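If you want the building blocks of each chain, they are given just below.
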Amino acid sequence: MAKDILGEAGLHFDELNKLRVLDPEVTQQTIELKEECKDFVDKIGQFQKIVGGLIGLVDQLAKEAENEKMKAIGARNLLKSIAKQREAQQQQLQALIAEKKMQLERYRVEYEALCKVEAEQNEFIDQFIFQK
């Protein structure tokens, strides 16, 4: 009866017969909730560590991928540069070939003219010798 009156007033006795404001059942549930919250906070902390490590790893991989991308772009640009250099060199060589062909043609014409002059001079010498 005294327990009922105290219970209605919001006062309770625990297992050690100490006077408490909360019902022992509510106190037990509060303690369990506190422990569960602590476990939850610990798990969240572990999760944050794992996620932090994962983010760090992904960032590192992203940096490495970016570096490789830059290397690939550099290599591609180098290949384009080399191709342009070869094209320019090829044009220079073609111009040189055309120049040498023109020079060869001039030399051929000059050779033919010299051969004609030589033939004329030989004929003149032959005629001169036969006239004496």
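Residues numbered from 1 in each chain as written. Predicted model: local features only at pLDDT ≥ 70, side-chain atom pairs only at ≥ 80, totals over all residues. Heavy atoms only, no water.

As recorded in an unreviewed UniProt entry, the chain goes by Intraflagellar transport protein 20 homolog isoform X1 and comes from Echinops telfairi. Under Subcellular location (unreviewed entry), UniProt gives the following word-for-word description of the chain: "Cell projection, Cilium". (UniProt positions renumbered as here; feature names shortened; annotations may be inferred.)

1. Considerations on the packing of aromatic side chains
Tallied over the full model, the rule gives 1 aromatic pair. With 6.4 Å between their ring centres and 20° between their planes, F124 and F128 make a pair best called stacked. Placement of both F124 and F128 in helix α2 (residues 24-131) is noted, with a separation of 4 residues, approximately one turn of the helix. A residue is classified by how much of its surface remains accessible, and F124, at 55% relative accessible area, is exposed. (Phe/Tyr/Trp six-rings, centres within 6.5 Å; stacked < 30°, edge-to-face > 60°. Helix = DSSP H or I, 4+ residues; strand = E, 2+ residues; numbered from the N terminus. Buried < 20%, exposed > 50% of the residue type's maximum accessible area, 1.4 Å probe, protein only.)

2. Some remarks on the confidence of the model for the chain
Residue-level pLDDT values for the chain average 89, and 81% of them are 70 or greater. Helix α1 (residues 2-8) is the least confidently modelled element of the chain, averaging 55 in pLDDT, while α2 averages 95, the highest of any element. (pLDDT = per-residue confidence, 0-100.)

3. Regarding a negative patch on the surface
A surface patch of like charges, here negative, comprises E32, E35, E36 and D39. Note that D39 resides in helix α2. Among the residues examined, D39 registers a relative accessible area of 44% and is labelled partly exposed. (Patch = residues over 30% accessible without salt bridge, like charges linked within 9 Å, V, L, I, M, F, W, Y side chains within 5 Å. Areas by Shrake-Rupley, 256 points an atom, 1.4 Å probe, with all protein chains shown as cover. Salt bridge = Lys/Arg side-chain N within 4 Å of Asp/Glu carboxyl O. Lys, Arg positive; Asp, Glu negative; His and termini not counted. Charge placed at Lys NZ, Arg CZ, Asp CG, Glu CD.)

4. Examining the pattern of salt bridges
Tallied over the entire structure, the rule returns 4 salt bridges. Residue R108 pairs with E105 through a salt bridge whose shortest N-O separation is 2.3 Å. Placement of the pair is R108 and E105 together in helix α2, with a separation of 3 residues, close to one helical turn. For E105, a relative accessible area of 37% puts it in the partly exposed group. Notably, a salt bridge pairs E112 with R108, separated by 2.5 Å at the nearest N-O pair. Of this pair, E112 and R108 are both found in helix α2, 4 residues apart, which corresponds to roughly one turn of the helix. On the basis of relative accessibility, which here comes to 44%, the residue E112 falls in the partly exposed class. Judged by relative accessible area, which is 37%, R108 ranks as partly exposed. A network of salt bridges, in which partner residues are shared, links E105, R108 and E112.

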